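# Structural overview
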Amino acid sequence: MNIIRRFFGVFRYSGRALSLVWQTSRALTIGLAICTLVAGVLPAVAAWLGQLIVDSVVDAMAYHRETDAPATWQTLWPVMRYVLAEAGVIAGIALAQRGLSAQQSLLRALLGQKVNVMILEKAGTLSLTQFEDSEFYDKLTRARREASTRPLGLVNKTFSLLQNAISLLSFGVLLIQFSPWALLVLLVGALPAFFSEAKFSGDAFQLFRRRSPHTRMQMYLETVLAREDSIKEVKLFGLEPLLLSRYRDIFHTLYGEDRRLTLRRESWGFVLGLLGTLAFYGAYAWVVVETVVGQLTLGQMTMYLLVFKQGQSALSASLTSISGMYEDNLYLSNLYEYLEQPVASEQGSLTQGAHPGDGIRFENVSFSYPDAETPALSDISLHVRPGESLALVGQNGSGKTTLIKLLTRLYSPSEGRILLDGSDLRDWDVATLRRRIGVIFQDFVRYQLKVGENLGAGDVVAFNEEARWQEAARRGLADEFINEMPGGYHTQLGRWFKGGQELSGGQWQKIALSRAYMRESADIVVLDEPTAAMDAAAEAAVYADFREHRRDKMTILISHRFSTVRAADHILVMQNGRIIEQGSHDALLAADGRYASLFRLQAEGYR
Ligand SMILES: Nc1ncnc2c1ncn2[C@@H]1O[C@H](COP(=O)(O)OP(=O)(O)OP(=O)(O)O)[C@@H](O)[C@H]1O
């Protein structure tokens, strides 16, 4: 029962794969189907013509022996027409096969692109939480690595199975005239090999799935060992031998498993394949005996032997297709599992709050990362009005960045709520919300694109507007060094592409700050350590500009430098996810608590 279910399971995703291929290109799909049909039927026609050739040769030989007449075009034509016809049929098979392979390679390219786009589009709808979940990440990697070639593989194999089934059917029609038993012998001989293939493909997939964390580690090590942004440190710390040996160890473990599976698969395949060979030669002997005793003509013998031989190879090709389909199905299940991953629906539709101008409020907000034992934020309440600035200070890991991630709706609170203009963030239309926020994260992205595009990324509607780039760069203090670059705003950044210019850490940070300024419409500006890599003069200039421009914007600033923090209207001191002190700089100093002692500690350092 299990085996039968397994057998029919091979068609589980064929329909979906076929519809995917159909959507990719109708013309090519139809072309494939036609070529498959032609390539399926013609071999039997060729075998039948073979019989006609041999029998007509025998007749012609008998005629010449009896009449002793010389060979003329008239006496040869009855044979030659079959020879010509067979040549035509063989040419037809070759044409159909070329057609198949040409259309397959075109479809492969189109389909690979389509599936990759589907995977990436889906990635855009997923939440940050999903990306941070390693199991999910495995699924994504598996889908990306394997699945883009699998749908076409499945369709090709489904077609090739059809083609071979058509061939087999037409051979069957010829063979059954000899004896139905011969057909049965052929089929029964091949079945054990098929079942063993199906079993081993399943094992191979389980192996692939189970080891995907190891494969991912290998890919990661490759990246660390061979990418410009990590190689510097790897070299200086002499990490290559250590990382390489880890890379090798993973390979050896994986290779050992592969080897065991391959050996088992191939030895069983050989033993069970012998049954097929046995069946073939049994039938061969039978046909020979029947011919010798005069039950079959020489032409029939030639045809049956050919039919047996081709029938057997069609059968084994079908079996290979089936076991390959089984494997493709398993991989495709992985792709669809990924594509069907539920996404949290973004239901909010508000484009305006219930109390415009109320600003941001956190009401008893707590948050825990998935699977974390302790909350990253506990019972946070705060209020920032338009025109006000808020600074967050606290030791590493105290929850400052997490608070920003909640505010920007990358995560939602586990308890409590966050309001913007009197309405819960969850009720806001996400696009409207994000348009109102300009943000620079500590770990901002260094896009390997043009300088201008690195700025334009901050506001996609002005992605290519050079005037806006310049204005943003001026405010982010990036204009000076950009103007000195060989291609100005069109200079390629980073080292990945030809002509790319690398920037210093502080210059990159100026780019990131300018990017945040691109979003002119934003009235919430979030700066997470925006000047940590800048020199003192640049930092002072950034904050001077900042105070001048802030007007009715809400500003949230994270910094470990008290010289910048002190200018904020309101300061929150965080520890272990809680607010332990708050107030203005002067009030906090007067209170002589944690803030005051940290401030004094830093001031000491400057003496
Ligand atoms: N993506 C994440 N998944 C799970 N835990 C996280 C994640 N990001 C941060 N944490 C944990 O949450 C806590 C708060 O981290 P957060 O990044 O908010 O600190 P921070 O105050 O911004 O620190 P820093 O000053 O070092 O930037 C830390 O204990 C950290 O280990």
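Residues numbered from 1 in each chain as written. Predicted model: local features only at pLDDT ≥ 70, side-chain atom pairs only at ≥ 80, totals over all residues.

## Describing the overall build of the protein
Secondary structure summary: the protein contains 22 helices and ten strands in total. Taken over C-alpha atoms, the radius of gyration comes to 36 Å for the protein, far larger than the 25 Å a tight globule of 607 residues would show. Projecting the C-alpha coordinates of the protein onto the three principal axes gives extents of approximately 130 × 55 × 50 Å. (Helix = DSSP H or I, 4+ residues; strand = E, 2+ residues; numbered from the N terminus. Rg over C-alpha atoms; globule rule 2.2 N^0.38 Å.)

## As for the packing of helix α11 (residues 240-292) against helix α12 (residues 298-339)
Between α11 and α12, whose axes approach to 10 Å, the crossing angle comes to 170 degrees. Put simply, α11 runs roughly antiparallel to α12. Each of G276, F280, A283, Y284, V287 and T291 in α11 lies in contact with α12, whose residues at this interface are L298, M301, Y304, L305, F308, Q312 and S316. (Axes fitted to C-alpha atoms, helices over the stretch in contact; angles between N-to-C directions. Parallel < 35°, antiparallel > 145°, perpendicular 65-115°, else oblique. Contact = placed C-beta atoms within 7 Å.)

## Some words on the site of the ligand
Neighbouring residues of the ligand: 13 residues in total, closest Y369, N396, K400, T401 and T402. Here the element with the most residues in the shell around the ligand is helix α13 (residues 400-407); it accounts for three residues. For the shell around the ligand, a count of residues per class yields three nonpolar, eight polar and two charged. (Near = placed C-beta within 6 Å. Nonpolar A, V, L, I, M, F, W, Y, C, P; charged D, E, K, R; others polar.)

## As for unusual backbone geometry
Although it is not a glycine, D379 sits at a positive phi angle of roughly 50 degrees. By the secondary structure assignment, D379 is in strand β2 (residues 377-384). On the basis of neighbour counts, which here come to 15 C-beta atoms within 10 Å, the residue D379 falls in the partly exposed class. Phi is positive for D421, which is not a glycine, with a value near 50 degrees. Relative to the helices and strands, D421 is located in the loop between β4 (415-420) and β5 (423-424). (Buried ≥ 20, exposed ≤ 12 C-beta atoms within 10 Å, placed from the backbone.)

## Overview of the packing of helix α16 (residues 466-475) against helix α18 (residues 505-518)
At a minimum axis distance of 8 Å, the contact between α16 and α18 shows a crossing angle of 125 degrees. It follows from the interaxial angle that α16 and α18 lie oblique. α18 is crossed by α16, and the crossing has right-handed handedness. Two secondary-structure elements touch here, α16 through R468, A472, A473 and R475 and α18 through S514, Y517 and M518. Considering only residue class, the contact of α16 with α18 consists of four nonpolar, one polar and two charged. (Left-handed = near helix turned anticlockwise from the far one by under 90°.)

## Re the sheet that holds β2
Here we have four strands laid out as an open sheet, ordered β2-β1-β4-β5, and antiparallel in their pairing. Every interior strand has two partners, whereas the edge strands, β2 and β5, have only one. Direction of pairing for β4 relative to β5: antiparallel, over a ladder of two bridges. In the strand pairing of β5, L419 is matched with D424. Running over the sheet, α13 touches β1 (360-367), β2 and β4 and is turned about 120 degrees from β1. (Pairing = 2+ DSSP bridges.)

## Comments concerning the sheet that holds strand β7 (residues 524-528)
What the six strands build is an open sheet, ordered β6-β7-β8-β3-β9-β10; its pairing is mixed. Unpaired on one side and paired on the other, β6 (437-440) and β10 (578-583) mark the two borders of the sheet. Ignoring strand direction, the axes of neighbouring strands in this sheet form an average angle of 15 degrees. With respect to the sheet, α13 is in contact with β3 (389-394), β7, β8 (554-558) and β9 (570-575), its orientation differing from that of β7 by roughly 150 degrees.

## Regarding the UniProt feature "domain: ABC transporter" (unreviewed entry) in the protein
UniProt feature "domain: ABC transporter" (unreviewed entry): in the numbering of this structure it lies at residues 360-601. In the segment residues 360-601, helix accounts for 34% and strand for 23%; the C-alpha atoms at its two ends are 32 Å apart. (UniProt positions renumbered as here; feature names shortened; annotations may be inferred.)

## What about the confidence of the model for the protein?
Averaged over the protein, the pLDDT score is 86; the fraction of residues at 70 or greater is 97%. At the low end of the mean pLDDT range in the protein sits helix α1 (residues 2-9), at 63; at the high end sits β1, at 95. Overall fold confidence for the complex sits at a pTM of 0.74, while the interface term, ipTM, reaches 0.96. (pLDDT = per-residue confidence, 0-100.)

## Description of the nonpolar core
The biggest cluster of nonpolar side chains holds 62 residues, and the ones touching the most others in it are A391, V526 and I571. The element contributing the most residues to this core is α18, with six residues. For A391, the residues in contact, after removing those within four places along its chain, are L557, S559, V565, A568 and I571. L154, F171, L315 and L330 belong to the second largest nonpolar core, which has 56 residues in total. (Core = buried A, V, L, I, M, F, W, Y, C linked by C-beta atoms within 7 Å.)

## Re the environment of V307
Among the secondary structure elements, V307 is positioned in helix α12. Spatially, the C-alpha atoms of V307 and L174 are 8.0 Å apart, while their sequence positions differ by 133 residues.

## Topic: the pairing of β3
The buried fraction of β3 amounts to six of the six residues, a majority that puts the element mostly inside the structure. Of the two faces of β3, the one holding S389, A391 and V393 and the one holding L390, L392 and G394 are both buried throughout. Looking at chain direction, β3 and β8 are connected through four bridges and run parallel. Note that in β8 the partner of L390 across the bridge is I556.

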